[in-house]
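# Structural features, examined
Residues per chain, in single letters:
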Amino acid sequence: MRQAVLTVLFVLATVIPAAAQDFRPNQALGDLLSKKSYIAQPNNAGGKNILDNSCIFKDSFALSPSEPLDETCNIQAAVAKFTTQYGQPATTAPAPGGKTILEYFLLYNNNSYHVKIFLGCSGGKTESFAMVECKVERNRAKPGPPKDKKSFWKKISPF
């Protein structure tokens, strides 16, 4: 329980933006995150995925649920596999609890995202979760059904 609280506090503390932010396109990472679900919160309006969800509120971020990567605990192998598949991060750093953070400044779908991938061990398995903060939103993907394009008069008309 205490480790979980410390981990959450660390995640919240890491939301502070880095000094040198060089946002770069990374189609593979963007495609991965555009399919990744997010952890819903009571005051969260929602979005289709973790990228959309991170852009709903200004100065907000979204977290993905933890997912198992490997049946054994081997963070170095997980880092090597992830970076081979999704490219080199801007920075790599240790985190409390024996975790490793891969930090990316992602330019995807005309939006800029600060992405942190956390890799660690739990129950003898290697797991990961993502934290995404929308920095500059240019292409809004609003939640909910598409807007009705009928004119106001056609909407209220019985005919």
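Right, let's walk through the structure included here. For clarity, every value in this text was computed on a predicted model and none was experimentally measured. (Residues numbered from 1 in each chain as written. Predicted model: local features only at pLDDT ≥ 70, side-chain atom pairs only at ≥ 80, totals over all residues. Heavy atoms only, no water.)

Let us look at the overall build of the chain. The number of helices and strands found in the chain is five helices and seven strands. Going from the N terminus to the C terminus, the chain shows its helices and strands as α-β-α-α-β-β-α-β-β-β-β-α. Put simply, the chain has 159 residues, and 37% of those count as buried. Long-range pairs, those at least 24 residues apart, make up 58% of the contacts in the chain between residues at least 6 apart in sequence. For the chain, the exposed area adds up to about 10,000 Å²; of that, 57% sits on carbon and sulfur atoms. (Helix = DSSP H or I, 4+ residues; strand = E, 2+ residues; numbered from the N terminus. Buried < 20%, exposed > 50% of the residue type's maximum accessible area, 1.4 Å probe, protein only. Contact = heavy atoms within 4.5 Å. Areas by Shrake-Rupley, 256 points an atom, 1.4 Å probe, with all protein chains shown as cover.)

Membership of the largest hydrophobic core comes to 23 residues, with the highest contact counts inside it found for Leu33, Tyr113, Val115 and Ile117. Looking at this core, the elements that each hand over two or more residues are helix H2 (27-34), helix H3 (50-54), helix H4 (75-86), strand S5 (99-108), strand S6 (111-122) and strand S7 (125-136). No other element matches H4, which puts five residues into this core. With six residues, the next largest nonpolar core counts Phe61, Ile101, Phe129 and Met131 among its residues. (Core = buried A, V, L, I, M, F, W, Y, C linked by side-chain atoms within 4.5 Å.)

On to the pairing of S7. Here three bridges tie strand S2 (residues 61-63) to S7, and the two strands are oriented antiparallel to one another. Residue Leu63 lies in a different strand from S7, and its bridge partner there is Met131. Across three bridges, strand S3 (residues 67-70) lies against S7 in antiparallel orientation. In the sheet register, Glu67 faces S7, and the bridge partner there is Ser128. Taken together, the eleven bridges between S6 and S7 define a ladder with antiparallel strand orientation. Bridge pairing links Tyr113 to Cys134 in S7. Here S6 hands over to S7 after two residues, with Gly123 in that stretch at a positive phi of 60°. (Pairing = 2+ DSSP bridges.)

The subject of this paragraph is the packing of aromatic side chains. In this description, a pair of aromatic rings is defined by centroid distance and the angle of the planes. Within this structure, the stated rule accounts for four aromatic pairs. Summarising the aromatic geometry, the rings of Phe82 and Tyr86 are spaced 4.8 Å apart at their centres and angled 45° between planes, so their arrangement reads as tilted. One end of the pair is Phe82 and the other is Tyr86, both in helix H4 and four residues apart, which spans about a single turn. For the pair formed by Phe82 and Tyr86, the shared burial category is buried. (Phe/Tyr/Trp six-rings, centres within 6.5 Å; stacked < 30°, edge-to-face > 60°.)

This brings us to the side chain of Ser128. Secondary-structure assignment places Ser128 in strand S7. Ignoring any residue separated from it by four or fewer positions in sequence, one finds Ser128 in contact with Pro65, Ser66, Glu67, Leu69, Phe118 and Leu119.

By themselves, these figures tell us nothing about what the structure is for.
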